[in-house]
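Take a look at the letters that make up each chain.
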Amino acid sequence: MLRILPRWSIHPFAKTYVAGESVEETVLVVKKVNNLGFTCTLDILGEHVQSGAESENITQEYCDLYDVIANENLDCNISIKLTHIGLALDKNIAAENLVRILRQAKLHSNFCRIDMEDSPYTQRTIDLYKDCVSKYPNMGIVLQAYLKRSLEDARNLNRPGFNTRVCKGIYDERETIALKDRAAIQNNFFNITKEILSGNGFAAIATHDIPLIDRIDEWIESTQVSLDRFEFQVLYGVPMSGRLERLLNKGYTVRQYVPFGRDWFNYSLRRLKENPKIISYVLGNLFKR
Ligand SMILES: Cc1cc2nc3c(=O)[nH]c(=O)nc-3n(C[C@H](O)[C@H](O)[C@H](O)COP(=O)(O)OP(=O)(O)OC[C@H]3O[C@@H](n4cnc5c(N)ncnc54)[C@H](O)[C@@H]3O)c2cc1C
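Overview of the structure. (Residues numbered from 1 in each chain as written. Predicted model: local features only at pLDDT ≥ 70, side-chain atom pairs only at ≥ 80, totals over all residues. Heavy atoms only, no water.)

Notes on the environment of Glu117
Move 1: The topology assignment puts Glu117 in the loop between β3 (112-114) and α5 (122-133).
Move 2: On the accessibility criterion, Glu117 (2% relative accessible area) is buried.
Move 3: Linking Glu117 and Leu143, residues 26 residues apart in sequence, is a C-alpha distance of 9.9 Å.
Move 4: For Glu117, the contacting residues outside a window of four places in its chain are Glu47, His48, Lys81, Leu82, Thr83, Gln144 and Tyr171.
Move 5: Only 3.0 Å separates the side chain of Glu117 from the backbone nitrogen of Leu82, close enough to count as a polar contact.
Move 6: A polar atom in the side chain of Glu117 sits 2.6 Å from the side chain of Thr83. (Helix = DSSP H or I, 4+ residues; strand = E, 2+ residues; numbered from the N terminus. Buried < 20%, exposed > 50% of the residue type's maximum accessible area, 1.4 Å probe, protein only. Contact = heavy atoms within 4.5 Å. Polar contact = N/O pair within 3.5 Å; in protein donor to acceptor, adjacent residues only side chain to side chain.)

Examining the site of the ligand
Move 1: Taken together, 24 residues lie around the ligand, and Lys168, Gly169, Arg182, Thr207 and His208 are the ones closest in.
Move 2: A distance of 3.0 Å is found between a nitrogen atom of the ligand and a side-chain nitrogen or oxygen belonging to Arg165.
Move 3: One nitrogen or oxygen atom from the side chain of Lys168 is found 2.8 Å from an oxygen atom belonging to the ligand.
Move 4: Taken by itself the ligand offers 920 Å² of open surface, and the protein chains cover 84% of this.
Move 5: Here the ligand occupies the largest pocket.
Move 6: Mapped by element, the contributors of at least two residues to the shell around the ligand are β4 (139-144), β5 (163-167), β7 (230-235) and α10 (264-274).
Move 7: Residue contributions to the shell around the ligand peak at 3 residues, all from β7.
Move 8: Within the shell around the ligand, the residues separate by chemical class into 11 nonpolar, 6 polar and 7 charged. (Near = heavy atom within 4 Å. Areas by Shrake-Rupley, 256 points an atom, 1.4 Å probe, with all protein chains shown as cover. 1 Å grid on protein atoms, 1.4 Å probe; cavity = no way out; pocket = protein on both sides within 12 Å on 5 of 7 lines; lining within 4 Å. Sits in = over half its atoms within 2 Å of the grid points. Nonpolar A, V, L, I, M, F, W, Y, C, P; charged D, E, K, R; others polar.)

Some details on the pattern of salt bridges
Move 1: Tallying each qualifying case throughout the model produces 17 salt bridges.
Move 2: The shortest N-O distance in the salt bridge between Lys250 and Glu221 comes to 2.7 Å. With Lys250 in the loop between α9 (243-249) and β8 (254-260) and Glu221 in helix α8 (residues 210-223), this residue pair connects regions lying 29 residues apart in the sequence.
Move 3: For Glu221, a relative accessible area of 48% corresponds to the partly exposed category.
Move 4: Connected via shared salt-bridge partners are Asp214, Asp217, Glu221, Arg243 and Lys250. (Salt bridge = Lys/Arg side-chain N within 4 Å of Asp/Glu carboxyl O.)

Some points on the sheet that holds β8
Move 1: Reading around the barrel, the 8 strands line up as β1-β2-β3-β4-β5-β6-β7-β8 and close back on themselves, with parallel pairing between neighbours. Averaged over all pairs of adjacent strands, the angle between strand axes in this sheet comes to 30°, irrespective of strand direction.
Move 2: As paired elements, strand β2 (residues 76-80) and β3 share 3 bridges and run parallel to each other. Bridge pairing in β3 places Ser79 opposite Arg113.
Move 3: Its contacts with the sheet place helix α3 (residues 52-71) against β1 (39-44), β2, β3 and β8, and it is angled at close to 170° to β2. (Pairing = 2+ DSSP bridges. Axes fitted to C-alpha atoms, helices over the stretch in contact; angles between N-to-C directions.)

Take a look at the structure:
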């Protein structure tokens, strides 16, 4: 059903979750979000480029974005998907493009996080991260709590300077490699976060699951983890019932993940699948027109 909805019917919904199509629109949104006390991470929407030339264009767009962030004085870093810069075509293409982006991030004393995609790319993503991090420590990775391997990955990677986002994971993975039970995923999320914060790493705790945020927050308080060892992250536009402001009031860093770009349609469909209640709004929009 979602696939046959016309683009215009999704557009009003997309505006909640996507900053815009252009860099100019996105800068305005980031300034607004910064003014509310949140830091941001920008993502150019899209994945799985079809050619080396396309991957180079996207890489250039990311490099230019670091210039914009610096010129506009935004409190903001960047998240990228490796298949957006060529990982599905050739690991070497992705590696070259990644290094270009990391160099640009370093030039601006900024940071780059590699999002984690579906499981065929997990090991390749970790390998590329390991290849680059000693030369470019201004980078981070993501661990998905639904993957059975992630706690072990956290243990292996957890050295000084290790910076990972922990999220539940958004792709449809096989039961042989992924937890399916909600409580088991929450527990794994909690354990991965504890593993990182009990060691030397930095954890970016990315979830809208308020009971899980509460549980992690209580543990952070009880163990007195210092404020520079973690941050909370949410997707731009997801309603959080005032919980984010309470995190800010405790002096925590809270980062909003702000996607933008021409590929807003597919991203918005994914968000709709996560929150089907909103479909009634989209359908209403369809019929009201
Ligand atoms: C900052 C950030 C970065 C991420 N990066 C990655 C990544 O690199 N790789 C990856 O696989 N996944 C990533 N994700 C997605 C993540 O893995 C989850 O699929 C997604 O966040 C939903 O899980 P949840 O932890 O919010 O819990 P859920 O249990 O799914 O949601 C908790 C509550 O939030 C509501 N909610 C969740 N999402 C939405 C939404 N979009 N709109 C409205 N309400 C919503 C739910 O309805 C529910 O009430 C990221 C998520 C965040 C917040």
